[in-house]
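Architecture and fold: a report
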Number of protein chains: 2
Amino acid sequence: MTVNTLHRPTHRDALVHLEAAFERGDMVTIFGRCTVDYDGRATSELGPGDRLVVLKPDGSILVHTDEKRTPVNWQPPGCTHSASVRDGRLLVRSTRTSPDERLDVQFERVEQCSAYAVDDRSDLELVGSEEDLRQHILSDPDVLEAGFEPLETERQSDAGAIDIFGEDADGVAVVVELKRRRVGPSAASQLRRYVDALHREFGDDEPVRGVLVAPSVTERAADMLDREGLEFVALDPETGEPPVEEDDGESRDEGETADDDGDGNRDTDDGDGNRDDA
Amino acid sequence: MTVNTLHRPTHRDALVHLEAAFERGDMVTIFGRCTVDYDGRATSELGPGDRLVVLKPDGSILVHTDEKRTPVNWQPPGCTHSASVRDGRLLVRSTRTSPDERLDVQFERVEQCSAYAVDDRSDLELVGSEEDLRQHILSDPDVLEAGFEPLETERQSDAGAIDIFGEDADGVAVVVELKRRRVGPSAASQLRRYVDALHREFGDDEPVRGVLVAPSVTERAADMLDREGLEFVALDPETGEPPVEEDDGESRDEGETADDDGDGNRDTDDGDGNRDDA
DNA sequence: GGTTATATATCGGAT
DNA sequence: ATCCGATGTATAACC
């Protein structure tokens with residue numbers, strides 16, 4: 001882990017710094033006043049302003065303002081960084097083909113330019129995904145409905161892969177579509193496409209049930225499911241159990257710390273900070 | 001535009017630096033070895049590694065590794081930053097309620113900590129959105145089909161807002177759904193929901209056409225449109241005209257700076273292969 | 001605040 | 001390479 005930083009460099013010094021960083025495979029940040037020009041899947045222009053530009057060795061580039069989680073301009077991994085000085089000004093360019101795209105960041109002033117040698121082998125471990133919900137149902141199919149028997153996951157159909165395909169207690173085919181969060185009309189439509197595909201596959205004589213599984217459902221989606229003869233089962237992706245209602249105390253105990261203050265303000269804890277722990 | 005940077009600060013010095021930056025409304029970056037812990041809509045853990053953490057004055061926080069465009073962990077705008085030192089180590093915490101979420105970044109080592117005073121009043125101007133496609137059709141409805149007359153945009157229905165509602169040359173109701181890029185089955189389903197809603201609204205006697213407008217369509221979606229009696233019209237969102245075939249160069253070039261350094265390849269157009277239309 | 005749909009979505013898996 | 005769906009999607013518009 002090393003950092004190499006130039007403060008208020010000349011554009012030419014910044015260029016040399018950048019090229020060496022690219023060569024080493026470093027991650028780079030540049031902060032300065034710049035304009036941005038993008039042409040590719042869409043086209044955009046951004047006038048002068050102060051921004052933080054991040055260049056990653058995998059070819060990604062991010063241009064961040066002081067607002068939003070999403071960069072104001074960017075390029076995904078796989079692009080090629082290049083830098084140059086034109087008319088005495090640093091130009092950082094990112095290009096790719098397929099699709100043909102170009103992102104230009106033209107600096108009026110470079111306030112800081114840093115190169116970071118990154119060592120990161122850890123992988124993110126995440127709980128609460130749709131895959132977790134699937135595992136819950138497969139390991140205990142009764143949470144879906146008594147007697148449900150999963151037969152296949154990712155079963156292919158004319159409309160795409162069905163999350164879980166199985167049979168109910170009566171041996172009727174069941175299409176199960178999983179969502180990790182509250183579902184709207186598009187999830188209902190997705191389920192319908194799969195059910196329709198199996199109807200076409202099995203013929204009209206064979207009944208096919210469709211069950212949407214998610215922690216909750218919007219009213220419009222629930223109406224649509226009703227109209228189309230589809231079903232909904234409420235399950236939480238983290239627990240695999242029906243979500244707890246919060247209208248009255250139905251707490252499953254989470255012995256949590258008392259909330260110190262109303263929200264209000266900054267609350268930057270002091271140094272010795274013994275703030276609660278989670 | 002000012003930058004205030006600490007190199008290899010003590011955790012306590014970094015804390016003071018951070019709190020002053022929060023107070024000023026600066027944007028902040030921290031580079032160092034850290035672990036990350038998230039609990040909210042889902043739950044995640046990330047073991048030790050070198051990352052770039054960006055804190056914005058609007059409450060966003062981004063944790064970036066040296067790969068991907070998407071941060072490995074983050075928090076959207078509106079969250080509250082706080083920092084503290086525990087056991088001699090810098091802890092950066094972001095919290096919000098509704099949903100209840102917490103992100104902790106615990107540093108083993110702080111390599112660099114920078115605060116940026118950002119001045120950015122420019123807004124992004126972007127061309128090629130779905131809104132642009134709509135304007136093209138509204139200003140010249142014949143590009144959709146001869147005699148088409150737009151009557152309403154964002155027309156409400158039981159299934160949601162219809163992009164463009166109008167009549168064809170015969171006075172038949174037309175639902176138009178717009179997409180800025182190649183469409184798949186979900187767009188076809190979306191159109192179907194709107195057409196179904198108008199059928200319920202108008203009754204079975206009244207015919208309702210559904211037209212999906214996009215630069216191209218996948219085969220599975222085209223099949224679905226066929227089955228459901230829906231239509232497709234190929235239009236480019238930037239030009240509002242039928243997309244050009246890419247079998248030969250149709251470069252519209254953009255008299256730009258000469259390409260300074262190596263890497264010459266350019267203009268190998270392609271994009272998304274567009275298939276037929278329906 | 002919830003709902004709905006868009007996005008230069010990004011990303012991953014399957015074909 | 002395209003297709004397809006998941007994402008802690010984020011973001012905006014509308015109610």
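For every chain, the first residue of the written sequence is number 1, and numbering continues from 1 along that sequence. Chain A is the first chain written and ligand 1 is the first ligand written, with later ones labelled in order. A pLDDT threshold of at least 70 governs which residues receive local features in this predicted model, and a stricter bar of 80 or more applies before side-chain atom pairs are shown or counted, although totals over entire chains, interfaces and linings include all residues. Just so you know, side-chain values use all the structure's heavy atoms and leave hydrogens and water out.

Assigned secondary structure in chain A consists of 4 helices and 14 strands. Evaluated residue by residue, chain A yields a buried proportion of 47% over its 278 residues. Roughly 13400 Å² of accessible area belongs to chain A as shown, and the carbon and sulfur atoms make up 42% of that amount. For the purposes of this entry, the term helix denotes a DSSP run of H or I that reaches at least four residues, the term strand denotes a run of E that reaches at least two, and both are numbered from the N terminus. The buried label applies to any residue whose accessible area, calculated with a 1.4 Å probe on protein chains only, is under 20% of its type's maximum; exposed applies above 50%, and partly exposed to all values in between. Residue burial considers only the protein chains on display, and all accessible areas are found by Shrake-Rupley using a 1.4 Å probe.

A separate point is the protein's contact with DNA strand D. In the region of DNA strand D, 29 residues are neighbours, and Arg180 and Arg181 of chain A together with Trp74, Gln75 and Arg182 of chain B sit closest. Protein-proximal atoms of DNA strand D, defined as those within 4 Å of the protein, fall in sugar or phosphate at a share of 80%. At a separation of 3.2 Å, a base nitrogen of DNA strand D approaches a polar side-chain atom of Glu101 of chain B. Counting only elements with at least two residues in the surface near DNA strand D, the list comes to α3 (185-202) of chain A together with β5 (73-75) of chain B. One heavy atom within 4 Å of a molecule or strand is enough for the residue carrying it to be called near that molecule or strand. Nitrogen and oxygen atoms within 3.5 Å of one another constitute a polar contact, given that in protein one can donate a hydrogen and the other can accept it, and given that sequence-neighbouring residues count only through two side-chain atoms.

Taken together, 27 residues are adjacent to DNA strand C, and Arg41, Trp74 and Arg182 of chain A together with Arg180 and Tyr194 of chain B come closest. Per the 4 Å cut-off to the protein, sugar and phosphate atoms form 85% of the nearby atoms of DNA strand C. One of the side-chain nitrogen or oxygen atoms of Trp74 of chain A is found 2.5 Å away from a phosphate oxygen of DNA strand C. Taking Glu177 of chain B, its side chain carries an N or O atom lying 2.8 Å from a phosphate oxygen of DNA strand C. Elements represented by at least two residues in the surface near DNA strand C include exactly β5 (73-75) of chain A together with α3 (185-202) of chain B. Of all the elements, α3 of chain B adds the most residues to the surface near DNA strand C, at 3 residues. Any residue outside Ala, Val, Leu, Ile, Met, Phe, Trp, Tyr, Cys, Pro, Asp, Glu, Lys and Arg is labelled polar, Gly included; the first ten of those are nonpolar and the last four are charged. By residue class, the composition of the surface near DNA strand C is 9 nonpolar, 6 polar and 12 charged.

We now examine the environment of Leu15 of chain A. Residue and element names in this part refer to chain A. Within the fold, Leu15 resides in helix α1 (residues 11-24). The exposure class of Leu15 is buried, given its relative accessible area of 11%. Placed 68 residues apart in sequence, Leu15 and Ala83 show a C-alpha to C-alpha distance of 6.5 Å. Apart from residues lying up to four places away in sequence, Leu15 is in contact with Ala83, Ser84, Val85 and Leu90. Contact criterion: two residues are considered in contact whenever any of their non-hydrogen atoms come within 4.5 Å of each other.

Moving on, we get to the interface of chain B and chain A. The partner chain A presents 97 residues to the 98 residues of chain B that form the contact. Taken over both partners, the interface formed by chain B and chain A buries close to 7800 Å², and the fraction arising from carbon and sulfur atoms is 49%. Throughout, buried area stands for the accessible area (probe radius 1.4 Å) lost by two parts on being put together, summed over both. Per-residue buried area on chain B facing chain A is highest for Met1, Asp66 and Arg69 of chain B; these three make up 11% of the total on that side. Here, a salt bridge means any Lys or Arg side-chain nitrogen found within 4 Å of an Asp or Glu carboxyl oxygen. At the junction of chain B and chain A, the tally comes to 2 salt bridges. Between Arg51 of chain A and Asp120 of chain B there is a salt bridge, with the nearest N and O atoms lying 2.8 Å from each other. Put simply, chain B and chain A have 37 residue pairs in polar contact (both at pLDDT 80 or more) between them.

A few words now on a negative patch on the surface. Patch construction takes residues with relative accessible area above 30% that form no salt bridge. Like charges are linked within 9 Å, and nonpolar side chains (Val, Leu, Ile, Met, Phe, Trp, Tyr) are linked within 5 Å. His residues and chain termini do not enter the charge count, which takes Lys and Arg as positive and Asp and Glu as negative. We put the charge of a Lys on NZ, of an Arg on CZ, of an Asp on CG and of a Glu on CD. A contiguous patch of negative charge, built from Asp158 of chain A together with Glu219, Asp223 and Asp226 of chain B, is present on the exposed surface. When you line up the elements, Glu219 of chain B lands in helix α4 (residues 219-228).

Turning to the environment of Pro150 of chain A, a few remarks are in order. Residue and element names in this part refer to chain A. Relative to the helices and strands, Pro150 is located in strand β10 (residues 149-157). The partly exposed category is assigned to Pro150, whose relative accessible area is 23%. Along the chain, Pro150 and Leu138 lie 12 residues apart, while their C-alpha atoms are 6.8 Å from each other.

Residue and element names in this part refer to chain B. We call a set of buried Ala, Val, Leu, Ile, Met, Phe, Trp, Tyr and Cys residues a nonpolar core when their side-chain atoms join them within 4.5 Å. In terms of nonpolar packing, the biggest core is built from 27 residues, with Leu18, Ile30, Leu55, Leu90, Val92, Val105 and Phe107 touching the most fellow members. Those elements giving two or more residues to this core turn out to be α1 (11-24), β2 (27-39), β3 (43-55), β4 (61-64), β6 (80-86), β7 (89-96) and β8 (101-117). Here this core takes 6 residues from β8, the largest share from any one element. If we ignore the near neighbours within four places in the chain, the residues touching Leu18 are Val28, Ile30, Leu55, Ala83, Leu90, Val92 and Cys113.

Another point: the sheet that holds strand β11 (residues 160-167) of chain B. Residues and elements named next belong to chain B. Note on pairing: two strands pair once DSSP finds at least 2 bridges between them. With mixed pairing, 5 strands are arranged side by side in an open sheet as β10-β11-β12-β13-β14. Because the sheet does not close on itself, it has two edges, and the strands there are β10 (149-157) and β14 (231-234). The average undirected angle you get between the axes of adjacent strands in this sheet is 30 degrees. Structural elements are reduced to axes, namely lines fitted to C-alpha atoms, with helices fitted over the stretch in contact, and the angle between N-to-C directions of any two is expressed from 0 to 180 degrees. Lying on the sheet, helix α2 (residues 130-139) is in contact with β10, β11, β12 (173-178) and β13 (208-214); it crosses β11 at an angle near 20 degrees. Packed onto the sheet, α3 meets β10, β11, β12, β13 and β14 and runs at close to 155 degrees relative to β13.

Our focus in this paragraph is the confidence of the model for chain A. Predicted confidence across chain A gives a mean pLDDT of 90, with 88% of residues reaching 70 or more. In this model residues 247-278 of chain A is a low-confidence stretch, pLDDT under 50, and it forms 40 contacts with partners more than four residues away in sequence or in other chains. Per residue, pLDDT measures the predictor's confidence, with a range of 0 to 100.

The next point concerns the relation of the copies chain B and chain A. The copies were overlaid by least squares, fitting only the C-alpha atoms of residues that reach a pLDDT of 70 or more in each copy. Placing chain B over chain A gives an RMSD of 0.1 Å and needs a rotation angle of 180 degrees, together with 0.0 Å of translation along the axis. Both copies are brought into coincidence by an operation consistent with a two-fold rotation axis. Looking at the rotation axis and the C-alpha trace of chain B, the residue lying nearest is Ser189 of chain B, at 3.1 Å. Here 85% of the contact residues of chain B are again contact residues in chain A; the copies associate through an equivalent surface.

All names here are of chain A. The 5 strands are arranged β10-β11-β12-β13-β14 in an open sheet whose pairing can be described as mixed. Strands at the two margins of the open sheet, each flanked by one partner only, are β10 and β14 (231-234). The average angle at which neighbouring strand axes cross in this sheet is 30 degrees, direction not considered. In the sheet, strand β13 (residues 208-214) pairs with β14 via 4 bridges, with the strands oriented parallel. Bridge pairing in β14 links Ala214 to Ala234. Packed onto the sheet, helix α2 (residues 130-139) meets β10, β11 (160-167), β12 (173-178) and β13 and runs at close to 20 degrees relative to β11.

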